[in-house]
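Letter by letter, the chains look like this.
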Amino acid sequence: MPLSPNLRGALFMAISMAGFTVNDALTKLSSETVNMGQVMLIRGLFATALVGLIAWHRGALSQIGHALHPMVAIRVAGEALATICFLVALSHLPIANVSAVLQALPLAVTMGAAILLGEPVGWRRWLSIAGGFAGVLIIVRPGFEGFSIYSLWALACVFFCAIRDIATKRVPQEIPTFLISTATAACVTVTGAILVVPMGGWSPVPTGTVAMLALAAVLLVVGYQFIIMAMRLGDISFIAPFRYTALLWSIALGYLVFADMPDLAMIVGSVVIVGSGLYMLYRERVVGRRPAAESTSPAMGPDGL
């Protein structure tokens, strides 16, 4: 019996999140042998080649001049800065903790869209935003014994990702998605090259590390493609909540690969963040609006993270 469009979309979203999360785990493993500048550069070279090939095949590169549009430039810059913050946090924190903080992104984008773009957000959604960031504070634990300065890097990643997604909402529809993705991947790669020396200089890269980063790049593209497939099927309000399966994947990989066990604060904070996000999606469905925080739409795939 074939699955309904909604169920297929949910499955594709879960597969997409698995691809992104395994990419994160491979990237974290690679950071044990080379610095993050090298990680961004090597993985970026593979990702740029793959995404660029797809963009060329679809004719997106024929309009390369569109990459100079101001909103595309802001999106690309936001992605590059978010990637730096993400990789620094990922190399020092459990993968599940970083993933949990990043689940606040839709809330941050909704808040930013209300403040910067004037999108209407009712008091119930403002409460869900406040609740979500309370969950982030529970995980980060500022001022308490379990606090890590690297948690602030994860928060900075959410901030820059929100800028990226808000800018994406203002990118003209005629600019091809894969042109934006190619420009983003290339910028992240160049940023990695610039950071190699400040982060300790070039060191020999084991063959196994190159292989892991190549596979990570492939998984980025796979995750991106499955997001596109998911969002073309069924009801976004049904499919979007499955983006939170990234948290389940990260907890499982954190335990199996890095022997990290989530503590009580991380679990409680994650429940609060996910609950707030789900309630916000529910309210958006009730009022009949498309989500202000469409971080799961095709144009907002996390190309560089």
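Given the structure is predicted, the values throughout are model-derived calculations rather than measurements. (Residues numbered from 1 in each chain as written. Predicted model: local features only at pLDDT ≥ 70, side-chain atom pairs only at ≥ 80, totals over all residues. Heavy atoms only, no water.)

Asker: Explain the nonpolar core to me, please; I cannot follow it from the model alone.
Answerer: Generally speaking, a soluble globular protein has its nonpolar side chains buried in company with each other. One finds Met40, Phe86, Val98, Val101, Leu102, Val136 and Cys157 to be the most contacted residues of the largest nonpolar core, which totals 45 residues. By residue number, the principal contributor to this core is helix H3 (residues 70–92), which donates 8 residues. If we skip the residues at most four places from it in the chain, methionine 40 touches Thr83, Ile84, Leu87, Val188, Thr189, Thr191, Gly192 and Leu195. (Core = buried A, V, L, I, M, F, W, Y, C linked by side-chain atoms within 4.5 Å. Buried < 20%, exposed > 50% of the residue type's maximum accessible area, 1.4 Å probe, protein only. Helix = DSSP H or I, 4+ residues; strand = E, 2+ residues; numbered from the N terminus. Contact = heavy atoms within 4.5 Å.)

Asker: Quick question: what am I supposed to make of unusual backbone geometry here?
Answerer: Note on backbone geometry: most residues besides glycine have negative phi, and most peptide bonds are trans. Residue alanine 259 is not a glycine yet carries a positive backbone phi of 60°. By the element assignment, alanine 259 lies in the loop between helix H11 (245–258) and helix H12 (264–286). For alanine 259, a relative accessible area of 61% puts it in the exposed group.

Asker: Sorry, what's going on with the confidence of the model for the protein here?
Answerer: Close reading of the predicted structure is inappropriate where its pLDDT is low. When pLDDT is averaged across the protein, the result is 87; 92% of the residues are at 70 or more. Within the model, pLDDT remains below 50 along residues 293–304, and this stretch shows 49 contacts once partners closer than five positions in the same chain are excluded. (pLDDT = per-residue confidence, 0-100.)

Asker: Teacher, can you tell me more about the packing of helix H1 (residues 5–30) against helix H9 (residues 207–231) here?
Answerer: Axis angle and axis distance: for two packed helices, these are the angle between their axes and the distance between the axes, and together they describe the pair. Direction vectors running N to C along H1 and H9 enclose 160°, while the axes themselves pass 8 Å from each other. With respect to H9, the axis of H1 lies roughly antiparallel. Crossing handedness for the pair H1 and H9: left-handed. Looking at side-chain class alone, the contact of H1 with H9 contains 20 nonpolar, 8 polar and no charged residues. (Axes fitted to C-alpha atoms, helices over the stretch in contact; angles between N-to-C directions. Parallel < 35°, antiparallel > 145°, perpendicular 65-115°, else oblique. Left-handed = near helix turned anticlockwise from the far one by under 90°. Nonpolar A, V, L, I, M, F, W, Y, C, P; charged D, E, K, R; others polar.)

Asker: I'm lost on the environment of glycine 112 in this one. Help?
Answerer: For glycine 112, the position within the fold is in helix H5 (residues 105–116). Under the relative-accessibility criterion, glycine 112 is labelled buried at 12%. Considered as a pair, glycine 112 and isoleucine 236 are 124 residues apart in the sequence and their alpha carbons are 21 Å apart. Not counting chain neighbours up to four residues away, the residues in contact with glycine 112 comprise Leu117 and Ile166.

Asker: Would you mind going over the packing of H1 against H11 with me for this structure?
Answerer: Between H1 and H11, the least distance of the axes is 9 Å, while the angle of their chain directions is 35°. With respect to the hand of their crossing, H1 and H11 are arranged in right-handed fashion. Each of Ala14, Met17, Ala18, Thr21, Val22, Ala25, Lys28 and Leu29 in H1 lies in contact with H11, whose residues at this interface are Thr245, Ala246, Trp249, Ser250, Leu253, Val257 and Phe258. Grouping the amino acids of the contact of H1 with H11 by side-chain chemistry returns 11 nonpolar, 3 polar and 1 charged.

Asker: Honestly, the pattern of salt bridges in this entry has me stumped. Any pointers?
Answerer: Side chains that differ in charge, positive against negative, can pair when their charged atoms come close. Scanning the entire structure with this criterion turns up 5 salt bridges. Taking the shortest distance from any N to any O, the salt bridge between aspartate 165 and arginine 164 comes out at 2.7 Å. Given a relative accessible area of 2%, arginine 164 falls into the buried group. Several salt bridges converge on common partners, so that one network encompasses Arg75, Glu79, Arg164 and Asp165. (Salt bridge = Lys/Arg side-chain N within 4 Å of Asp/Glu carboxyl O.)

Asker: Teacher, can you tell me more about the packing of aromatic side chains here?
Answerer: Given two aromatic rings, one states the distance between the centres and the angle between the planes to describe the pair. For the structure on display, the rule yields 5 aromatic pairs. Taking 5.2 Å as the distance between ring centres and 70° as the angle between the ring planes, the aromatic pair formed by phenylalanine 159 and phenylalanine 160 counts as edge-to-face. Measuring from centroid to centroid gives 6.0 Å for tyrosine 279 and tyrosine 282, while their planes differ by 40°, and the two rings are tilted. Of this pair, tyrosine 279 and tyrosine 282 both sit in helix H12, 3 residues apart, roughly one helical turn. The ring of phenylalanine 258 has lysine 28 sitting right over it, with the charged end atom 5.5 Å from the ring centre. The residue whose ring lies beneath arginine 243 is tyrosine 244, and the NZ or CZ to ring-centre distance is 5.7 Å. (Phe/Tyr/Trp six-rings, centres within 6.5 Å; stacked < 30°, edge-to-face > 60°. Lys NZ or Arg CZ within 6 Å of the ring centre and 35° of its normal.)

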